[in-house]
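Chain by chain, the residues run as shown.
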Amino acid sequence: QVRLVESGGGLVQSGGSLRLSCAASGRTFSRYDMAWFRQAPGKRRELVAALTSGGGTNYANAVKGRFTISRDNAKSTVYLQMNSLKPEDTAVYSCAAGTSALYTDWGQGTQVTVSS
């Protein structure tokens, strides 16, 4: 099991950028597949971006070309760089850890609000 703590959310104008961070506990961070999910009010939680332990990435169509997921295994941290933000990106963003795309450990989430 790994403990995850997100940071970096906030209020930004449309077109702006934010970088989210997710710090993980434990010594086996490099073995985990990591992902960012988001949930907007009244909507289902959706996968935003995923990064496997081997370096493979997957992005939701809505964020391709604007968001980048990365990790620093030495710091046990995964990042989500979000550029060209849109009001529809407003949501609570949570990071998750797991294996074989089965995410079993979750952070508490961080709010991202994009104003128009």
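We now turn to the structure provided with this report.

Conventions adopted
- Residues numbered from 1 in each chain as written.
- Predicted model: local features only at pLDDT ≥ 70, side-chain atom pairs only at ≥ 80, totals over all residues.
- Heavy atoms only, no water.
- Helix = DSSP H or I, 4+ residues; strand = E, 2+ residues; numbered from the N terminus.
- Rg over C-alpha atoms; globule rule 2.2 N^0.38 Å.
- Buried < 20%, exposed > 50% of the residue type's maximum accessible area, 1.4 Å probe, protein only.
- Contact = heavy atoms within 4.5 Å.
- Lys, Arg positive; Asp, Glu negative; His and termini not counted.
- Charge placed at Lys NZ, Arg CZ, Asp CG, Glu CD.
- Disulfide = S-S within 2.5 Å.
- Core = buried A, V, L, I, M, F, W, Y, C linked by side-chain atoms within 4.5 Å.
- Pairing = 2+ DSSP bridges.
- Axes fitted to C-alpha atoms, helices over the stretch in contact; angles between N-to-C directions.

Notes on the overall build of the protein chain
So, step 1. Looking only at helices and strands, the protein chain features zero helices and eleven strands.
So, step 2. For 116 residues, the compact-globule estimate of 2.2 N^0.38 gives 13 Å, and the C-alpha radius of gyration of the protein chain, at 13 Å, lies within 12% of that figure.
So, step 3. Judged by the C-alpha coordinates and their principal axes, the protein chain covers about 40 × 25 × 25 Å.
So, step 4. Residue burial in the protein chain is summarised as follows: out of 116 residues, 45% are buried.
So, step 5. When contacts within the protein chain are restricted to residue pairs at least 6 apart in sequence, those whose partners lie at least 24 apart make up 54%.
So, step 6. Between the averaged position of the 13 positive side-chain charges in the protein chain and that of its 7 negative side-chain charges there is a distance of 2 Å.

What about the state of the cysteines?
So, step 1. With the rule as written, the count across this model stands at one disulfide.
So, step 2. The disulfide that involves Cys-22 links it to Cys-95, with 1.9 Å between the sulfurs. Sign of the S-S torsion, about 50 degrees for the bond between Cys-22 and Cys-95, identifies this disulfide as right-handed. Highlighted residues: Cys-22 in strand S3 (residues 18-24) and Cys-95 in strand S9 (residues 91-99), separated in sequence by 73 residues. Assigned by exposure class, Cys-22 and Cys-95 land together as buried.

Quick look at the nonpolar core
So, step 1. Within the largest apolar cluster, 30 residues are counted, with the highest numbers of intra-cluster contacts made by Trp-36, Leu-80, Met-82 and Tyr-93.
So, step 2. Going through the elements one at a time, S3, strand S4 (33-39), strand S5 (46-51), strand S7 (67-72), strand S8 (77-82), S9 and strand S11 (110-115) are the ones with two or more residues in this core.
So, step 3. If you look at the next biggest cluster of nonpolar residues, it comprises five residues, including Ala-35, Ala-50, Ala-96 and Tyr-103.

Quick notes on the sheet that holds strand S1 (residues 4-7)
Neighbouring strands of a sheet are bound in pairs by backbone hydrogen bonds; such pairs are parallel or else antiparallel.
So, step 1. Ordered by their spatial adjacency, four strands build an open sheet running S1-S3-S8-S7, and the pairing between neighbours is antiparallel. Edge strands, defined here as strands with exactly one partner in the open sheet, are S1 and S7. Strand after strand, the sheet turns through a mean of 15 degrees between neighbouring axes, direction not considered.
So, step 2. Pairing of S1 with S3 involves four bridges; the strand directions are antiparallel. Opposite Ser-7, over in S3, you have Ser-21 as the bridge partner.

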